[in-house]
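# Examination of the molecular architecture
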Amino acid sequence: MDKGLQAFIDKLNTLSFGNMYENDFYFTWDKTDDELAAVFTVADALRYMREQNISTKIFDSGLGISIFRDNSTRTRFSFASACNLLGLEVQDLDEKKSQIAHGETVRETANMVSFMADVIGIRDDMYIGKGHTYQKTVVDAVTQGYHDGILEQKPTLVNLQCDVDHPTQCMADMEEIIHYFGGVENLKGKKLAMTWAYSPSYGKPLSVPQGVIGLMTRFGMDVVLAHPEGYDVFPECEEIARKNAAKSGGSFTKTNSMAEAFKDADIVYPKSWAPFAAMEKRTELYGNGDFDGIDALEKELLAQNAEHKDWTCSEELMKTTKDGKALYLHCLPADISGVSCEQGEVDASVFERYIDPLYKEASYKPYIIAAMIFLAKCKNPQETLKKLAERNQPRLFQ
Amino acid sequence: MDKGLQAFIDKLNTLSFGNMYENDFYFTWDKTDDELAAVFTVADALRYMREQNISTKIFDSGLGISIFRDNSTRTRFSFASACNLLGLEVQDLDEKKSQIAHGETVRETANMVSFMADVIGIRDDMYIGKGHTYQKTVVDAVTQGYHDGILEQKPTLVNLQCDVDHPTQCMADMEEIIHYFGGVENLKGKKLAMTWAYSPSYGKPLSVPQGVIGLMTRFGMDVVLAHPEGYDVFPECEEIARKNAAKSGGSFTKTNSMAEAFKDADIVYPKSWAPFAAMEKRTELYGNGDFDGIDALEKELLAQNAEHKDWTCSEELMKTTKDGKALYLHCLPADISGVSCEQGEVDASVFERYIDPLYKEASYKPYIIAAMIFLAKCKNPQETLKKLAERNQPRLFQ
Amino acid sequence: MDKGLQAFIDKLNTLSFGNMYENDFYFTWDKTDDELAAVFTVADALRYMREQNISTKIFDSGLGISIFRDNSTRTRFSFASACNLLGLEVQDLDEKKSQIAHGETVRETANMVSFMADVIGIRDDMYIGKGHTYQKTVVDAVTQGYHDGILEQKPTLVNLQCDVDHPTQCMADMEEIIHYFGGVENLKGKKLAMTWAYSPSYGKPLSVPQGVIGLMTRFGMDVVLAHPEGYDVFPECEEIARKNAAKSGGSFTKTNSMAEAFKDADIVYPKSWAPFAAMEKRTELYGNGDFDGIDALEKELLAQNAEHKDWTCSEELMKTTKDGKALYLHCLPADISGVSCEQGEVDASVFERYIDPLYKEASYKPYIIAAMIFLAKCKNPQETLKKLAERNQPRLFQ
């Protein structure tokens, strides 16, 4: 047995994650520390095997259904890559091309597309209280379909971003942190600043900051959430972050000063988002079909954003971080001052300097998704990894 | 050899279906009883093997081309699932994204997309006299292309719904009936009511009722076609139903009373469709580019429909069926009163009670399509099934 | 070893093409004669193996990314077929469905979609000076991404048509010529007429005539470029053609007379394109967002075209070719007089008589693309072909 792969299997043998089998992935905080560690480990193992030109195709046939209720490039290609790596063919449910009758139940659509679906990936992040609910409705429907003998397998949900969490993104971010700092054991006491930043666009989802504080507080780091007054995130997510920090021996604090958050930070994650209260109001207006109200709200929010143009990841601020060299993270695409907009979340020179770690951060997402699927589908993941190594099928036959 | 699979092979050995090899599937009435029995048997065999985690991938590469000239969810995913199960990758010919020149011949497009196509699935059901003609033009083109040495293989057509028949739907419906009643031998003398039902939408295709009466009359059942005056289907299809019934020892009758159709029925299939004469007029208006005329016709038809709101599958009507428990069928999505519309084809409580058989009915479609492809591509399907069992490649490698 | 396949391997053994490994395909004139011969030979070998039902799937997983900045049917399906034949799954980057931020760099998008991409196929042919530049920017980005350890493999670019060349088309055209005349050794002294032809549409890309004169002048043929005054192509491409002809012992000449070009020609390629100068002006107007200017230019160009309605491939002109039987080529779709337009590039009877060679010509494109990928991915293509023959995996398992 290849030693590199054996190390991943050994690591898995120390973890307890049996509950992930045939389960779904909504939120990182639904999962135990061991379960998250299993995801990171399997992601690394799959990447390692691909680099060794060993196929990790466990499915000979089967579909990965994607439902993107928002536009997406990164996540769409990450999901497609993950499915392909494991042998699933992506079939996109494009709601515009579909004959989904007015009033057709989600239960029906979910079952109709799932007869041969092993995975369903959903992105639905636009309206507060909607995205997660939709994902749960889909999962409940296919779980019942499976129990009632309609479906031959229970498709596994992978949350590709909802209104609450963005677990595949945040776990990719986290894997970058782990690798950058040489291991999860080196993170205790590191300071991470999740801060709001100005962007000329409006209504960006809250799921990234929420996902970040809900996940990053589990590793003993000092996590600071910074935003201008009024840009609060879900109180439930702050509560989760607080509990995580207490348990992990780190801390979770809040501030209304970007400078305070950046000071001596080891990691900074400056990113725009919409205020929670405004998003709630928007959801309500949308529910009432009040599109004039939505337009008015949009203008109001843009004006409100514009009062905080000083919230930007400048070279000056970067200098105040630990040794002036904090790791800069972003889920991409970033609003880069002078490149994608006049004034945005980050100085062009800062962004440019961090291109490699930023792209590397993004490169983990396909593997994180593949690991989530792998752990939900393999009864004994260690055994399957071993058998894949023994099968030794080349990814590229030469 | 696994006994379950052997039973399917034994069954196939009693049937004569050699003519399906390298052939197409337009209408069920083009096919002999043995040929239809072969489709049902192979569909069951493929499902059985998938349930046993045995791969039925017969294609190592190859494309399944889909052409949806109408929106579709169920059929799109059924076709994708069937192709994937056998190893074909679906490539959709989206006529909006394609550079199909004004006036480009169907012959040319058909050949251009078929260089590596093993299957072409087409849905084209909107205009009387158009859908089948289009499918036939495509088949003629690729058949000639194959004979002329342009194409290395003749792609097989699977009719995914035309203006005349909807064979993959009706055969899935039929497979539900067969399994529900414990075998085709138990169907003699059963009463099946194919009846029109009110829906607030207009212009639904006639291919489902036509396909149902054209297929279900072949099993010795008493098939009743019920609709309000003026909602006739193609006379040719009624003629086929009549002949089938005479041959199979069943009956085919017509009535203008939904109550009469439902009385003591073992199976009911209440569904809206547009009157044949109106659809013909619509096709003519469309041909003349008379869109005002089409709008006027639409209003007229909706008003005409509204005179028959009492044609609905109510709890009261269901009580009049055999033991009050007829099997309720629908191709989905149904117009459910109080759910998808104020008043529609079926009471919500009736629909809800039959969710499991309805979804099961839909679940046969991918296997029916896969069986059609399998029978068109395998010279000796029994032998191929046996070899697949011997190959014993797992669908999910663990 | 199968003798047919051995002949292709023997042929490859006489050629030097090591530089194609891990390289890209922009223009035919970037490649040596041996390299082009290798593409033709591998294309034929792959086709031969498919005809023998031997799988040529070298990828067990991996993506082929397609980016179509113009509509496409033929090229889209050719690329999909080629990828599928080798085992890659196509994932289309639909820029309309993607979350590509305003101002997001091509560098970023290119890397984000390429984590598991082995190939990127791009069609971008609308604006002078843009298409090739875009392709080069993508290649530079992923090459850097690969060197920086972001990407685990360098995706290979296949130019599916840019503003300068259309190599997959022209090499398919060339393969038709080679097979039609029984070998490349029979082409010396043959006369090929690449001529402009009238079409009621406007703004057709110049990459086909440019690609044709840039490629066809390499085989000792007498290539004539004919067009009305003002319909010049890129001077750089004419220069390449001139040099090629000198080197290959053929000739490259220009004329403003279609009749002169057709006279005694062995091969004719009559096709509409826009004047280079007009296309440059259009690009400038587009850059300035001057859409009124573009409309005015369009009208002007259509009027200019209409002065040359006599530039059409008529039966009369065909009679003047060698024995009245020149091989008629077109990249399709053609503007056929009386079929797709009132008056167009070619008489219906001429087009009809050449259907088989025309469709055959198109049928080479998937194999040309597959060969380009194969040569960029296999370190020792001869060895891989041999191993594929030994593996002897059936494409269709029976």
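In this section: the interface of chain A and chain C. Contacts between chain A and chain C engage 41 residues on the former and 43 residues on the latter. Carbon and sulfur atoms make up 50% of the surface buried where chain A meets chain C, a total of about 3,900 Å² over both sides. Here chain A and chain C share five salt bridges between them. Two residues, Arg47 of chain A and Glu152 of chain C, come together in a salt bridge whose shortest N-O distance is 2.7 Å. The interface formed by chain A and chain C includes 21 residue pairs in polar contact (both at pLDDT 80 or more). If you list the elements that add at least two residues to the side of chain A that touches chain C, you get helix 2 (33–51), helix 3 (74–86), strand 2 (89–92), helix 13 (348–353), helix 14 (355–363) and helix 15 (365–377) of chain A. Among the elements that line the side of chain A that touches chain C, the one with the most residues is helix 3 of chain A, at seven residues. Considering only residue class, the side of chain A that touches chain C consists of 17 nonpolar, ten polar and 14 charged.

The next thing to look at is empty space enclosed by the protein. Under the criterion given, the structure shown has 17 cavities of 30 Å³ or more. If you add up the space inside the second largest cavity, you get close to 310 Å³. Around the second largest cavity, the lining comprises 21 residues; the ones closest to its centre are Lys57 of chain A, Lys57 and Glu89 of chain B together with Lys57 and Glu89 of chain C. For the lining of the second largest cavity, the class distribution of residues is three nonpolar, nine polar and nine charged.

Our focus in this paragraph is the packing of aromatic side chains. Residues and elements named next belong to chain C. Scanning all chains against the criterion turns up 33 aromatic pairs over all chains. Between the aromatic rings of Tyr180 and Phe181, the centroid separation amounts to 5.2 Å while the plane-to-plane angle is 70°, which identifies the pairing as edge-to-face. Given a relative accessible area of 42%, Tyr180 falls into the partly exposed group. Residue classification places Phe181 among the buried residues on the basis of a relative accessible area of 18%. Between Phe234 and Phe276, the aromatic rings sit 4.9 Å apart at their centres with planes inclined by 50°, giving tilted as the arrangement. Within this pair, whereas Phe234 is found in the loop between strand 6 (222–226) and helix 8 (235–248), its partner Phe276 is found in helix 10 (residues 276–287), the two being separated by 42 residues in sequence. Accessibility assignment for this pair places Phe234 and Phe276 in one class, buried.

The next thing to look at is the interface of chain C and chain B. The interface is formed by 41 residues belonging to chain C together with 43 residues belonging to chain B. Carbon and sulfur atoms make up 49% of the area that chain C and chain B hide from each other, which totals about 3,900 Å². The largest share of the area that chain C buries against chain B comes from Phe77, Tyr359 and Phe397 of chain C, three residues that together contribute 20% of it. The tally of links from chain C across to chain B stands at 21 residue pairs in polar contact (both at pLDDT 80 or more). Listed by contribution, the elements that provide at least two residues to the side of chain C that touches chain B are helix 2 (33–51), helix 3 (74–86), strand 2 (89–92), helix 13 (348–353), helix 14 (355–363) and helix 15 (365–377) of chain C. Residue contributions to the side of chain C that touches chain B peak at seven residues, all from helix 3 of chain C. Counted by class, the side of chain C that touches chain B contains 17 nonpolar, ten polar and 14 charged residues.

Rules of the game
- Residues numbered from 1 in each chain as written.
- Chains lettered and ligands numbered in written order.
- Predicted model: local features only at pLDDT ≥ 70, side-chain atom pairs only at ≥ 80, totals over all residues.
- Heavy atoms only, no water.
- Contact = heavy atoms within 4.5 Å.
- Buried area = accessible area lost by both parts, 1.4 Å probe.
- Salt bridge = Lys/Arg side-chain N within 4 Å of Asp/Glu carboxyl O.
- Polar contact = N/O pair within 3.5 Å; in protein donor to acceptor, adjacent residues only side chain to side chain.
- Helix = DSSP H or I, 4+ residues; strand = E, 2+ residues; numbered from the N terminus.
- Nonpolar A, V, L, I, M, F, W, Y, C, P; charged D, E, K, R; others polar.
- 1 Å grid on protein atoms, 1.4 Å probe; cavity = no way out; pocket = protein on both sides within 12 Å on 5 of 7 lines; lining within 4 Å.
- Points joined across faces, edges and corners; volume = space filled by probe spheres on them.
- Phe/Tyr/Trp six-rings, centres within 6.5 Å; stacked < 30°, edge-to-face > 60°.
- Buried < 20%, exposed > 50% of the residue type's maximum accessible area, 1.4 Å probe, protein only.

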